[in-house]
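# Architecture and fold: a report
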Amino acid sequence: MVAAAVSLGVLLRLCRVLLFLSQFYILSGGGSLNLEQSQPLAQSIKDPGPTRTFTVVPRAAESTDIPPYVMKCPSNGLCSRLPADCVECRTNFSCVYGKPVTFDCTVKPSVTCVDQDFKSQKNFVINMTCRFCWQLPETDYECSNSTSCMTVSCPRQRYTANCTVRDHIHCLGNRTFPKMLYCNWTGGYKWSTALALSITLGGFGADRFYLGQWREGLGKLFSFGGLGIWTLIDVLLIGVGYVGPADGSLYI
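Residues numbered from 1 in each chain as written. Predicted model: local features only at pLDDT ≥ 70, side-chain atom pairs only at ≥ 80, totals over all residues. Heavy atoms only, no water.

Moving on, we come to unusual backbone geometry. Its identity is not glycine, yet Asn76 carries a phi of approximately 60°, on the positive side. Position of Asn76 relative to the elements: it lies in the loop between α1 (2–46) and β1 (77–78). With phi around 70°, Ser110 is a residue other than glycine that occupies positive phi space. Position of Ser110 relative to the elements: it lies in the loop between β3 (100–107) and β4 (113–114). By relative accessible area, which is 55% here, Ser110 ends up exposed. (Helix = DSSP H or I, 4+ residues; strand = E, 2+ residues; numbered from the N terminus. Buried < 20%, exposed > 50% of the residue type's maximum accessible area, 1.4 Å probe, protein only.)

Next up on the list: helix α2 (residues 191–201). Taken together, the buried positions of α2 are occupied by Ala194, Leu195 and Ser198. For α2, the arc enclosing every buried residue in end-on projection is 95°, short of the 170-degree limit, so these residues lie on one face. (Arc of directions from axis to C-beta.)

It is worth spelling out the UniProt feature "transmembrane region" (unreviewed entry) in the protein at this point. In this numbering, the UniProt entry assigns the feature "transmembrane region" (unreviewed entry) to residues 189–209 and 221–243. Taken end to end, residues 189–209 comprises 71% helix and 0% strand; its first and last C-alpha atoms sit 12 Å apart. Summarising residues 221–243: 74% helix, 0% strand, and an end-to-end C-alpha distance of 18 Å. (UniProt positions renumbered as here; feature names shortened; annotations may be inferred.)

This brings us to the pattern of salt bridges. Side chains that differ in sign of charge can pair as their charged atoms come close. Going through the model one piece at a time under the given rule, you end up with 5 salt bridges. With its nearest N and O atoms 3.1 Å apart, the salt bridge here joins Asp207 to Lys220. Here Asp207 is found in helix α3 (residues 206–210), whereas its partner Lys220 is found in helix α4 (residues 214–222), with 13 residues between them in sequence. Relative accessible area serves as the criterion here: at 0%, Lys220 is assigned to the buried category. Residue Arg208 pairs with Asp234 through a salt bridge whose shortest N-O separation is 2.7 Å. Of this pair, Arg208 sits in helix α3 while Asp234 is found in helix α6 (residues 229–239), placing the two residues 26 residues apart along the sequence. (Salt bridge = Lys/Arg side-chain N within 4 Å of Asp/Glu carboxyl O.)

Structure below.
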């Protein structure tokens with residue numbers, strides 16, 4: 001038993017020695033080879049070679065925004081005929097009302113125009129009458145209409161309208177202004193039709209039914225036109241325009 005234990009210990013020592021020698025061989029000989037083989041790879045990683053540097057120059061922003069007033073400005077037209085929204089003028093509010101006056105004007109950016117000789121120009125003079133926009137005649141501006149007021153009433157009703165000067169009209173002050181106007185709208189009722197119905201079928205309330213006045217029409221129908229008296233009165237009232245459509249509009 002002792003001899004077997006001794007032989008086993010000798011074998012273990014021999015194995016340890018052989019293992020040590022093999023590791024030493026690998027580190028001394030084979031390791032240097034591996035380092036030499038791996039060195040070019042490390043060199044290729046560390047030295048990437050000559051590099052190029054690119055400088056990115058940002059492009060100038062291209063402006064594609066078109067001013068809204070350009071849509072109203074005819075291209076290469078007469079400068080003196082341009083709409084007021086296309087020009088800027090140095091106005092003089094101390095001019096004499098109703099008298100002719102001249103103002104120095106300049107076209108706005110992105111607007112092109114010519115003079116009488118078809119030459120491009122930026123500065124020009126316009127001739128106009130000294131007056132504010134709200135003093136213009138009714139043909140020189142457009143106003144909003146109202147369908148919520150009574151046109152057939154005594155006295156006539158007015159409403160507040162928003163008015164805007166036409167493009168080619170030049171004036172002083174704001175080009176949009178409020179103004180009190182008489183109610184002036186129609187619902188499509190004809191005065192001649194209403195009068196004809198009142199004369200022929202007024203006893204049955206046909207005229208009142210046509211004008212949208214149902215209660216008065218039923219009253220005339222069941223009273224036989226008020227025994228003829230109501231019929232004659234309606235003929236006179238419709239004839240002079242005192243009785244109109246129930247929606248308060250004007251005849252056409």
